[in-house]
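# Summary of the model geometry
Letter by letter, the chains look like this.
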Amino acid sequence: MSFTSKRDAHTQLVLGMADRQGLDLQEMILRADFSEDQFEQAVNLCLGCTQPTACKCLLNSAGPQLNLPDYCRNGALFDQLASD
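Residues numbered from 1 in each chain as written. Predicted model: local features only at pLDDT ≥ 70, side-chain atom pairs only at ≥ 80, totals over all residues. Heavy atoms only, no water.

Inspection of the entire model under this criterion finds 2 salt bridges. We note a salt bridge from Glu-40 to Arg-7, for which the minimum N-O separation is 2.4 Å. With Glu-40 in helix H3 (residues 36–47) and Arg-7 in helix H1 (residues 3–20), this pair connects stretches of sequence that are 33 residues apart. Its relative accessible area of 34% is what places Glu-40 among the partly exposed residues. Of the charged contacts, one joins Asp-33 and Arg-31 as a salt bridge, the two residues approaching to 2.8 Å between their closest N and O atoms. (Salt bridge = Lys/Arg side-chain N within 4 Å of Asp/Glu carboxyl O. Helix = DSSP H or I, 4+ residues; strand = E, 2+ residues; numbered from the N terminus. Buried < 20%, exposed > 50% of the residue type's maximum accessible area, 1.4 Å probe, protein only.)

The biggest cluster of nonpolar side chains holds 22 residues, and the ones touching the most others in it are Val-14, Leu-25 and Phe-78. Those elements that provide at least two residues to this core are H1, helix H2 (25–30), H3, helix H4 (52–61) and helix H5 (75–83). Apart from the residues lying within four places of it in its own chain, the contact partners of Phe-78 are Val-14, Met-17, Ala-18, Gln-21, Leu-23, Leu-25, Leu-68 and Cys-72. (Core = buried A, V, L, I, M, F, W, Y, C linked by side-chain atoms within 4.5 Å. Contact = heavy atoms within 4.5 Å.)

Moving on: the environment of Asn-67. Within the element layout of this structure, Asn-67 appears in the loop between H4 and H5. Separated by 49 residues in the primary sequence, Asn-67 and Ala-18 place their C-alpha atoms 11 Å from one another.

Of all the residues in H5, the buried ones are Gly-75, Leu-77, Phe-78 and Leu-81. Buried residues in H5, looked at end-on, bunch into an arc of 160°, giving them a common side. Every exposed residue of H5 that faces more than 90 degrees away from the buried side is listed here: Ala-76, Asp-79 and Ser-83. (Arc of directions from axis to C-beta.)

In a regular helix each residue adds 1.5 Å, so 12 residues correspond to 16 Å; H3 covers 16 Å between its end C-alpha atoms and thus fits that length. Regarding H3, the residues found buried are Phe-39, Ala-42, Val-43, Cys-46 and Leu-47. Down the axis of H3, the smallest arc covering the buried residues is 145°, so these residues share one side. Exposed and oriented more than 90 degrees from the buried face of H3 are Asp-37 and Gln-41. (Expected span 1.5 Å × (residues − 1).)

What follows is the structure, encoded as structure tokens:
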């Protein structure tokens, strides 16, 4: 898998996990509640994850909301954004 397609896949995982936490990161960027740099940092953290296949399966099989898995490297970020 090329770096670009791997990055695209992890971008979708970040957006999917955030969405399942009730966070619309794209809307938050437009409202300037979340910066593009912060989003890129979140994707970079996700790129370092060893469980992207499990994450993708979880997103594909779970309902509209799900508890973040313990391995999610963006869990603290999502918790912080949800509490703001």
